[in-house]
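Examining the three-dimensional arrangement
Residues per chain, in single letters:
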Amino acid sequence: MPAIKSLDELKRIREEALQKKQLKAAPGNIQVIVAMGTCGIAAGARDTMKSVLNYIETEKVSGVTVTQTGCIGLCEQEPIVQVVLGGQPKVVYGKVDAQVAQKIMKQHVQDGQPLKENIIQV
Amino acid sequence: MKEIALHLLDIAENSVAAQSKNISIHVHEDLPQDRLSACVIDDGRGMDAATVQQVLDPFYTTRSTRKVGLGIPLLKLAAEMAEGSFSLQSELGNGAWVEAEFRHSHIDRMPLGDLASTFLTLLISHPQIDWTFLYRVTDENRQSCDFLFESAELKSQLGDISLTEPEVLTFLRNMFEEGIEAVAPQTVAE
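Everything quoted here is computed from the prediction, not taken from an experiment. (Residues numbered from 1 in each chain as written. Chains lettered and ligands numbered in written order. Predicted model: local features only at pLDDT ≥ 70, side-chain atom pairs only at ≥ 80, totals over all residues. Heavy atoms only, no water.)

**A few points about the overall build of chain A**
Along chain A, the regular secondary structure elements total four helices and four strands. Each helix and strand of chain A, placed in order from N terminus to C terminus, yields the pattern α-β-α-α-β-β-β-α. Sorting the 122 residues of chain A into buried and exposed places 47% on the buried side. Sequence separation of 24 or more characterises 62% of the internal contacts of chain A that already satisfy a separation of 6 or more. Of the roughly 6200 Å² that chain A leaves accessible, carbon and sulfur atoms contribute 50%. (Helix = DSSP H or I, 4+ residues; strand = E, 2+ residues; numbered from the N terminus. Buried < 20%, exposed > 50% of the residue type's maximum accessible area, 1.4 Å probe, protein only. Contact = heavy atoms within 4.5 Å. Areas by Shrake-Rupley, 256 points an atom, 1.4 Å probe, with all protein chains shown as cover.)

**A closer look at the side chain of His126 of chain B**
With respect to the secondary-structure elements, His126 of chain B resides in the loop between helix H4 (115-125) and strand S5 (130-138). By relative accessible area, His126 of chain B is classed as buried at 4%. Other than its neighbours up to four places away in sequence, His126 of chain B contacts Gln68 of chain A together with Glu13, Val16 and Trp131 of chain B.

**A short note on the interface of chain A and chain B**
Taken together, the 42 residues of chain A in the interface contact 43 residues of chain B. The junction of chain A with chain B conceals about 3800 Å² of combined surface from both sides, 60% of it contributed by carbon and sulfur atoms. Of all residues in chain A, Thr38, Arg46 and Glu57 of chain A bury the most surface against chain B, accounting for 20% of the area lost on that side. Note that Arg173 of chain B and Glu57 of chain A form a salt bridge whose closest N and O atoms lie 2.7 Å from each other. Inspection of the chain A/chain B interface yields 14 residue pairs in polar contact (both at pLDDT 80 or more). Elements with a minimum of two residues in the side of chain A that touches chain B: helix H1 (7-23), helix H2 (38-43), helix H3 (45-59) and strand S2 (64-69) of chain A. Tallying contributions element by element places H1 of chain A first for the side of chain A that touches chain B, with eleven residues. Of the residues contributing to the side of chain A that touches chain B, the split by class is 22 nonpolar, nine polar and eleven charged. (Buried area = accessible area lost by both parts, 1.4 Å probe. Salt bridge = Lys/Arg side-chain N within 4 Å of Asp/Glu carboxyl O. Polar contact = N/O pair within 3.5 Å; in protein donor to acceptor, adjacent residues only side chain to side chain. Nonpolar A, V, L, I, M, F, W, Y, C, P; charged D, E, K, R; others polar.)

**So, the pairing of strand S1 (residues 30-35) of chain A**
Residues and elements named next belong to chain A. Across the six residues that make up S1, a large majority, five, are buried. Across six bridges, the pairing between S1 and S2 is parallel. Each residue of the ladder has a partner; that of Ile30, found in S2, is Val64. Sheet topology places S1 next to strand S3 (residues 81-85); five bridges connect them, and they run antiparallel. Note that in S3 the partner of Ile30 across the bridge is Leu85. (Pairing = 2+ DSSP bridges.)

**A word on the environment of Ala49 of chain B**
Secondary-structure assignment places Ala49 of chain B in helix H2 (residues 49-54). Along the chain, Ala49 of chain B and Ser37 of chain B lie twelve residues apart, while their C-alpha atoms are 24 Å from each other.

**Quick notes on empty space enclosed by the protein**
In this structure the tally under the stated criterion is two cavities of 30 Å³ or more. Estimated volume of the largest cavity: approximately 60 Å³. Looking at the lining of the largest cavity, the elements that each hand over two or more residues are H3 of chain A together with H4 and helix H6 (166-183) of chain B. Its residues assigned to classes, the lining of the largest cavity shows four nonpolar, two polar and four charged. Considering only enclosed or pocket space, the second largest cavity measures out at about 40 Å³ in volume. Along the walls of the second largest cavity sit Ile4, His7, Leu8, Ile11, Ala38, Val40, Leu75, Val98, Glu99 and Ala100 of chain B, which together make up its complete lining. Of all the elements in the fold, those that place two or more residues in the lining of the second largest cavity are helix H1 (4-17), strand S2 (35-42) and strand S4 (96-103) of chain B. (1 Å grid on protein atoms, 1.4 Å probe; cavity = no way out; pocket = protein on both sides within 12 Å on 5 of 7 lines; lining within 4 Å. Points joined across faces, edges and corners; volume = space filled by probe spheres on them.)

**Remarks on the pattern of salt bridges**
A complete count under the given rule lists eleven salt bridges over all chains for this structure. Lys50 of chain A serves as the salt-bridge partner of Asp114 of chain B, at 3.1 Å between the closest nitrogen and oxygen. Residue Asp114 of chain B is found in the loop between S4 and H4, and its partner Lys50 of chain A is found in helix H3; the two belong to separate chains. Residue Asp114 of chain B is classed as partly exposed on the basis of its relative accessible area of 23%. On the basis of relative accessibility, which here comes to 36%, the residue Lys50 of chain A falls in the partly exposed class. When salt bridges with common partners are traced through the structure, they connect Glu57 of chain A together with Arg173 and Glu177 of chain B into a single cluster.

**Here's the deal with the state of the cysteines**
Structurally, a disulfide amounts to a covalent bond that connects the sulfur atoms of two cysteines. Residues and elements named next belong to chain B. Tallied over the entire structure, the rule returns zero disulfides over all chains. Considering cysteine sulfurs only, Cys145 is the nearest to Cys39, which forms no disulfide, with 19 Å between them. By relative accessible area, which is 33% here, Cys145 ends up partly exposed. (Disulfide = S-S within 2.5 Å.)

**Quick notes on H4 of chain B**
For H4 of chain B, a buried count of eleven out of eleven residues is recorded, marking the element as mostly surrounded by other parts of the structure. Of all the positions in H4 of chain B, only Leu115, Ala116, Ser117, Thr118, Phe119, Leu120, Thr121, Leu122, Leu123, Ile124 and Ser125 of chain B are classed as buried.

**With respect to the sheet that holds S5 of chain B**
Residues and elements named next belong to chain B. Pairing is mixed in the open sheet, where six strands are placed in the order S3-S4-S2-S1-S5-S6. Looking along the sheet, the strands with just one partner apiece sit at the ends: strand S3 (85-90) and strand S6 (144-150). If you compare each strand with its neighbour and ignore which way they point, the axes differ by 10° on average. Pairing analysis gives eight bridges linking strand S1 (residues 22-30) to S2, with the strands arranged antiparallel. Looking at the pairing, Ser24 lines up with Ile41 of S2. In the packing of helix H5 (residues 151-158) onto the sheet, contacts are made with S5 and S6, and the angle to S6 comes to roughly 45°. Against the sheet, H6 makes contact with S5 and S6, and its axis sits at roughly 165° relative to S6, the strand it touches most. (Axes fitted to C-alpha atoms, helices over the stretch in contact; angles between N-to-C directions.)

Have a look at this one:
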């Protein structure tokens, strides 16, 4: 069974990614964290995650770490997404559907402008 | 939860929380037997017998942020609604084995759903874990077809390149989507 489609393809991708890394002056630490507790998943967190990954793919955004966290106790606000840009304090967004996720990726992660209307106070 | 794939994502998150190093997800659509089984197997910290009983209770949870733990009870209910069964085996220090089984053709059996997205989400979110994903379909002629993914091999190829680099993401998404599609039964009424 083809576990990995083609190892050669993967090696090529790796080399391309390495080159891109060298071009980047200061990658900084950009983290997008999707809450994936039972509450988050039931509220659509997987679609939110998919939307974030889709943005990275289509806009070819390099250097973003996408990860997840469990339930943070604000189940009614799920799906919740947290964004950390470098040393800045973490910004927490509530009710992030696929569309809001695209906006967060564009305005906040790429352009550095948090989306005020979707921020929740923790 | 609307999909078995979403339940698997949820149950696998329990395995991650239990500090597992290796997590396997096996899904088997057995058409001649009219069964669909899904299991999550981990090597995490496990549970003692009393806790195994407790996790079936929605008012039990190990977390402190809220007072209910619905993941396992929801999956158990979903399986039992579709003439299926649920089992959870674990020992303290010895990992856990969660299996849900459904009657494939049962009208209340929820769709398998988007397995590719579940696998991709787990892999991206927890790159430190060695994942094994196996999706097997046995057709009416008792021929089995597998999609198998093991993340250890991928990691050794990628080295220190992040899974969230755009090219890598495209590669992974296509691999899961095409691999699963190639195995899935032709008559998908989902």
